[in-house]
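Observations on chain architecture
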Amino acid sequence: MSVLIRNASLDGRIVDLRLDSGSVAEIGTGLPGEELLDAAGAIVLPGLVDHHLHLHAMAAAEASVNLAGLDLRQATDALAAAPADAHGWVRAVGLAADLDGAALDALHSTRPVRAQHRSGAQWTVNALGARLLGLGTADHPGVERDHAGVATGRLRRADDWLRSRLAGALPDLTAVGRQLAAYGITAITDATPDITAFDASALPQHVTLLGVGLGEAAPPGTSVGPYKIVLADSGLPDLDDLTARITAAHGTGRAVAVHCVTREALALLLAAFDTTGTRSGDRIEHAALVPAAVIPDLAARGLRVVTQPGFLTDRGDHYRRDVPAVDLPDLYRCASLQTGGVRVALSSDAPHGPLDPWAVIAAAVTRMTPDGSTLNPAEQLNPETALAGYLAPPNDPGGPPRRIEPGAPADLVLRRDGETIATVIAGHRVF
Ligand SMILES: [Zn+2]
């Protein structure tokens, strides 16, 4: 059955759109049929695609105490006031300081606490938490130990292990799906590595998963994307290891999506690609530091960059203070990558970065940091290009923006005065 969106502003004209079987069937004026909604002149755009976020972590963050922006004294108060989960744990996110278990104990020792560093790459547990997890005898490589072999309370890149120890159920994604729809997001790519279980049934969005294991099928209702490889900031793999992983992924027909924040990680990745070659769809996640001299190389290899200018508006003042001055011009490049021929897609990295795509687009345009100054103005994108960073399809990040035309999927967002007034996915109104 077909339905109509009436009076939408498309490329400067007011038109009706007839949607049928999940697609745009017809665009015209005065079309007959049942009305889905009257846009009353609102702008219609293809629904946005967030090319890199973490759905389970987003849902879990909702049930956590947020320590972002708090000093240690304020964090102590926040932890004391935080409710525990059904197993007695206090879960905290957004920690800016790199605390070990003893330092976390100084903040809160009477209940088990696990606190996630704001990078998302590290958890710290206090002494009670360490005991409950059996950290003393754990053999996961992410469990940090001091030179005497004693667990420090830090866990790096061990989310799956942590989840298995906590016997946690998968978080309910209903609220996350609603939140995404309210922003006009109709498709997302989840960039969590090594996903062992996923339930997409609560999400109206199209879902692509980078963390599906090699040779494994996509969970129902999802698509498999490039294979996620993490080059951890805290310990790079050796070159042979990385080369073998890329070769294995390419061998199963999948491109790779490689988490790459430091210039050392980028250099290692390019050395690995020297051996493996690149494959259409290979992408670099974050690309937080890209030396100018490397840009032609990225372009020549056909690599895409999926980056997050939202970090600049979220914590750019910290970057200006903490990142060596010599590195600042290389930080979260956008414009120079594009003019250098590299395809650039934008994304949130939520919950580690701000989710709101319109804020991320604005951040790509202004590069304004919280203290009101501009970081690398040479990297500013114009508004149209920044928007395009969210309009390419999930399987072509940084590619040309999707267009609204007969035959295109009916994944749409309607905007008026900077607000989302409706979101449509596969012809159904979800917001
Ligand atoms: Zn991420």
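Heads up: the structure comes first, above all this text.
Notes on the structure in this doc start here. (Residues numbered from 1 in each chain as written. Predicted model: local features only at pLDDT ≥ 70, side-chain atom pairs only at ≥ 80, totals over all residues. Heavy atoms only, no water.)

What follows is about the sheet that holds strand β14 (residues 206–209). The four strands are arranged β6-β13-β14-β15 in an open sheet whose pairing can be described as parallel. Of all strands in the sheet, those with a lone pairing partner are β6 (48–53) and β15 (222–224), marking the two edges. In this sheet, adjacent strand axes meet at a mean angle of 20° when their direction is disregarded. As paired strands, β6 and strand β13 (residues 185–190) are joined by four bridges and run parallel to one another. In the sheet register, Leu53 faces β13, and the bridge partner there is Asp190. Against the sheet, helix α1 (residues 55–62) touches β6, β13 and β14, its axis set at about 105° to β13. (Pairing = 2+ DSSP bridges. Helix = DSSP H or I, 4+ residues; strand = E, 2+ residues; numbered from the N terminus. Axes fitted to C-alpha atoms, helices over the stretch in contact; angles between N-to-C directions. Contact = heavy atoms within 4.5 Å.)

A few words now on the packing of aromatic side chains. Enumeration over the complete set of coordinates arrives at two aromatic pairs. Relative to Tyr332, the ring of Phe311 has its centre 5.7 Å away and its plane inclined at 45°; by these criteria the two rings are tilted. In this pair, Phe311 sits in helix α10 (residues 310–322) while Tyr332 sits in the loop between α10 and α11 (335–339), placing the two residues 21 residues apart along the sequence. When its relative accessible area of 5% is taken as the criterion, Tyr332 is described as buried. Among the aromatic residues, those joined into a ring-pair cluster are Phe311, Tyr319 and Tyr332. (Phe/Tyr/Trp six-rings, centres within 6.5 Å; stacked < 30°, edge-to-face > 60°. Buried < 20%, exposed > 50% of the residue type's maximum accessible area, 1.4 Å probe, protein only.)

Applying the stated criterion to the full structure yields 19 salt bridges. Its salt-bridge partner being Arg403, residue Asp11 comes within 3.4 Å of it at the nearest N-O pair. Pair noted here: Asp11 is in the loop between β1 (2–10) and β2 (13–20) and Arg403 is in the loop between α13 (383–388) and β21 (412–416), with a separation of 392 residues, a long-range link. A single burial state applies to Asp11 and to Arg403, both of which are exposed. The partner of Arg154 in a salt bridge is Glu144, and the shortest N-O contact between them spans 2.8 Å. One end of the pair, Arg154, is in strand β12 (residues 151–156); the other, Glu144, is in strand β11 (residues 143–145), and ten residues separate them in sequence. (Salt bridge = Lys/Arg side-chain N within 4 Å of Asp/Glu carboxyl O.)

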